[in-house]
Amino acid sequence: MSFPQDIKHDESSDVEKPPLDEVDIAAIALPDFDDPNIDKEAAIAGVLEDDSPYPEVRSAVANTDDPTIPVSTLRSWTLGLIWAIIIPGLNQFFFFRYPSVTVTGIVAQLLIFPLGRAWASFLPNVTIFGVAINPGPFTIKEHVLATIMASVGAGSAYATDIVAVQRVFYNQNYNFGYQWMVVMSTQLIGFSIGGIARRFLVQPPSMIWPYNLVTCALFNTLHAQEYAGMGNRGGLSRERFFFYAFAGSAIWYTVPGYLFQGLSYFSWVCWIVPNNIPVNQMFGYVHGMGMSLVTFDWAQIAYIGSPLATPWWAEANILAGFVFFFWFLTPVLHFTNAWESNYMPISSRGSFDNTGSAYNVSRILGSDATFNQQDYEAYSPLFLSTTFAISYGLSFASITATLTHAFLYFRKQIWTQSRRAMHEQPDVHARLMSRYPQVPEWWYVVIFLSMFTFGIISIEVWDTKFPVQWFILALVIAFFYVIPIGMIQAITNQQVGLNVITELVIGYGLPGRPVAMMMFKTWGYITMAQALTFTSDFKLGHYMKIPPRPMFWAQVIATVIAGTVQLGVQAWMFTNIPEMCSPHQKDGFICPSTEVFGTASIIWGVIGPARQFSKGEVYYALTFFFLVGFLCPLITYLISLKFPNTWLRYLNFPVIFSGTGAIPPASAVNYVPWAIVGFVFQYVIRRRHFSWWTKYNYVLSAALDSGVAISAVLIFFCLQYPLNGSIGLNTVQTWWGNSVPFTTADALGTPMLTLKEGDFFGPRTWH
């Protein structure tokens, strides 16, 4: 399965290039926008060494390529597709269980490595039908291709929740053909924009995609690659350093992850005064604002992404947004009882009725699972915790801020890239990749047309109440936002989500159609997210010099296989597991994500945003965040024109507004320690011990992530899943260190105010 046509000889790469003057060097080294990641002197030094302008990239990525290294072999495809079946199947099985476990791509990366080595050692070196069974040593390029296949569809496909919600909430059990076409269309239609996006998000050197650098560093470490960007610092080799850190991370995680969970939720102030509600709301980690500052659990620290991968200036933006909106604005609103918030926890991922109880959506549904106005008026409007409400406002702001920021800062870069071919890119990696044939545009067109057809068939043949024109609008929204959101993610490691804005649009446009709402949100949001997944993997292939055509087919085929396996696993579970998705399912298959997804379909698709965000409604003030998001980048841009060296040039409002988008379900424990660790490694060590940072930073990030991932899987399958979780039930599970974080007012979500029997808060009437 090796494709010799995937290598073409580029004679221009063998020709000695004429010397460049200072103007040419600066033009190559510096991007067409004010990039906070760039250091002018370091960038010029990198270009003079025929390397990347960015030291982060130089430390993790080799500036050389050997096009004769095998890539698309029988070995890489076999290993990749085996894990593209096993990992998505396992993740889908445990997706419906609580507590759950997720087998991540980094686990696949580690598992494929010894299997590839064993294949090279033990299988015969013979050829069958012209295909080499054992083409020699297991290469780094084979490893990359197999890992991409294993990880591209590893997580549960978003659309499988549509199928589950239709079955659980609306008693709609359509056949496998419908399910397969919906999943394939939502997973793959975003790939079709990859052909356009790669010109803007892959080829420019300024699009560094920070988390890919961790993956590259791990690949190079496992395969003992040496290259100039590593530096010449002595001490431990990268390989030895990785295995020490990996072992330490895996062993240590058993403490906060199982033996002493108080070290994970280290809200020590709350332990001192467990029943003081204001203190618990400010210092707690479960339903509080996290002013206790510390956790000893890497899984908590890296929950929103590794702090060793995100640039410090981006982390500082997120921290600034968190401090202002969640340590200043949220307490002000909460303790002044805005939105009747004192009757609810200060932070919660649930919704509430006007008695402070969890909102019971079944009380406002008729027998046909549609909205019942009389029942709604007899029950309650919907209320949110203060942080949940603020998170909606920030989502609104991030949507408009993204467009303003992209126009003001990226318009020149977008225009330049739209006219620049691969071999014209001012970057050594692009020049090295120009020797390989690119993916033909018609391949992307075929993917789009076929998946668009699947979408039309699935919404028209079956009763979804989802008009075709709204399907097209969802795709337009996703395609429109791919480039600006992708550029922000490629620079900052943070993705702006479209889930809230798509819910808002369809909720106003087609109220009372929950299935249509779920479909619009999925095609609008996941099309963009999948396009950026595809693009991010292409950037990984760009760094590791994987020919684009095998990359394309590896991603597409693995995604089709993974989605099909997940649907098969899901169908088997609903057929064979008793009381599937029941709150009291004896084996823990209570489907928490399906419940949240279904509740959102009712809140946005049945109740509708008009009853929450329109003028005169409880959360109308949050709509002004759209205006705030539009104006903030404009103001800082105008100031930076007058004062070009001001610190305001480092403010990135799409990141400020969207960086805390994981709250809820994330909480302060996932942001404050994350920012502290990021400051230490990405600012202090990077500035004062740059040679250490260059050699070890990304390797350490990969080792910590890998250790936690492997340890979490082992703990789950060895100690939590067997015997239905009864191992250590009366010993380790109940001792003080595992109970103290979960018995405080913070953990219980105790509100400031309670109601008298029969009383309620909020408006006296609602419609």
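Everything that follows concerns the structure shown earlier in this document.
Residues numbered from 1 in each chain as written. Predicted model: local features only at pLDDT ≥ 70, side-chain atom pairs only at ≥ 80, totals over all residues. Heavy atoms only, no water.

Colleague: In this structure, what is going on with the pattern of salt bridges? I would like to understand it.
Modeller: A side chain with one charge can pair with a side chain of the opposite charge if their charged atoms come near. Evaluated as defined, the whole model comprises seven salt bridges. We note a salt bridge from Arg75 to Glu142, for which the minimum N-O separation is 2.8 Å. Of the two residues, Arg75 is situated in helix H4 (residues 74-95) and Glu142 in helix H6 (residues 140-152); the sequence distance between them amounts to 67 residues. Residues joined by salt bridges that share partners form a network here, namely Asp65, Lys141 and Arg435. (Salt bridge = Lys/Arg side-chain N within 4 Å of Asp/Glu carboxyl O. Helix = DSSP H or I, 4+ residues; strand = E, 2+ residues; numbered from the N terminus.)

Colleague: What's the story with the packing of helix H19 (residues 441-461) against helix H23 (residues 548-576) in this structure? I'm lost.
Modeller: To characterise two packed helices, one gives the angle between the axes of the helices and the distance between these axes. Where H19 contacts H23, the two axes come as close as 12 Å, and the packing angle between them is 10°. As far as their axial angle goes, H23 and H19 are roughly parallel. Note on element contacts: H23 touches H19 through Arg549, Phe552, Trp553 and Val556, opposite Trp443, Tyr444 and Ile447. Taken together, the residues that form the contact of H19 with H23 break down as six nonpolar, no polar and one charged. (Axes fitted to C-alpha atoms, helices over the stretch in contact; angles between N-to-C directions. Parallel < 35°, antiparallel > 145°, perpendicular 65-115°, else oblique. Contact = heavy atoms within 4.5 Å. Nonpolar A, V, L, I, M, F, W, Y, C, P; charged D, E, K, R; others polar.)

Colleague: Would you take a moment to explain the environment of Arg117 for this structure?
Modeller: Take Arg117: it is sitting in helix H5 (residues 105-122). Given a relative accessible area of 40%, Arg117 falls into the partly exposed group. With 22 residues separating them in the primary sequence, Arg117 and Thr139 have C-alpha atoms 9.0 Å apart. If near-sequence neighbours (up to four positions away) are discounted, Arg117 is found in contact with Phe138, Leu222 and His223. (Buried < 20%, exposed > 50% of the residue type's maximum accessible area, 1.4 Å probe, protein only.)

Colleague: Would you take a moment to explain the packing of H5 against helix H10 (residues 210-222) for this structure?
Modeller: Look at H5 against H10: their axes get within 12 Å of each other, and the N-to-C directions meet at 20°. Here H10 runs roughly parallel to H5, going by the angle between their axes. Relative to H10, H5 is oriented so that their crossing is right-handed. Counted together, Ile106, Gln109, Leu110, Phe113 and Arg117 of H5 and Thr215, Leu218, Phe219 and Leu222 of H10 form the full contact between these two elements. Looking at the contact of H5 with H10 residue by residue, the class counts come to six nonpolar, two polar and one charged. (Left-handed = near helix turned anticlockwise from the far one by under 90°.)

Colleague: What's the story with H19 in this structure? I'm lost.
Modeller: Owing to its 3.6 residues per turn, the α-helix aligns residues three or four sequence positions apart on the same side. With 21 residues, H19 extends 30 Å between its outermost C-alpha atoms, agreeing within 8% with the 30 Å of an ideal straight helix rising 1.5 Å per residue. Within H19, burial applies to Trp443, Tyr444, Ile447, Met451, Gly455, Ser458 and Ile459. Considered in projection along H19, the buried side chains sweep an arc of 120° and stay on one side of the axis. Along H19, the residues that are exposed and aim more than 90 degrees away from the buried face are Trp442 and Val461. (Expected span 1.5 Å × (residues − 1). Arc of directions from axis to C-beta.)

Colleague: Please explain helix H11 (residues 238-259) as it appears in this structure.
Modeller: Given a rise of 1.5 Å per residue, 22 residues ought to cover 32 Å, and the 31 Å separating the end C-alpha atoms of H11 matches this to within 8%. At Trp252, H11 shows its strongest bend, of approximately 25°, with the proline Pro256 following within four residues. Taken together, the buried positions of H11 are occupied by Arg238, Phe241, Phe242, Ala245, Ser249, Ala250, Tyr253, Pro256, Gly257 and Tyr258. Buried residues in H11 make contact with helix H3 (55-60), H5, H10, helix H14 (298-301), helix H29 (690-720) and helix H30 (736-739). (Bend = angle between axes of the 7 residues up to and from the residue.)

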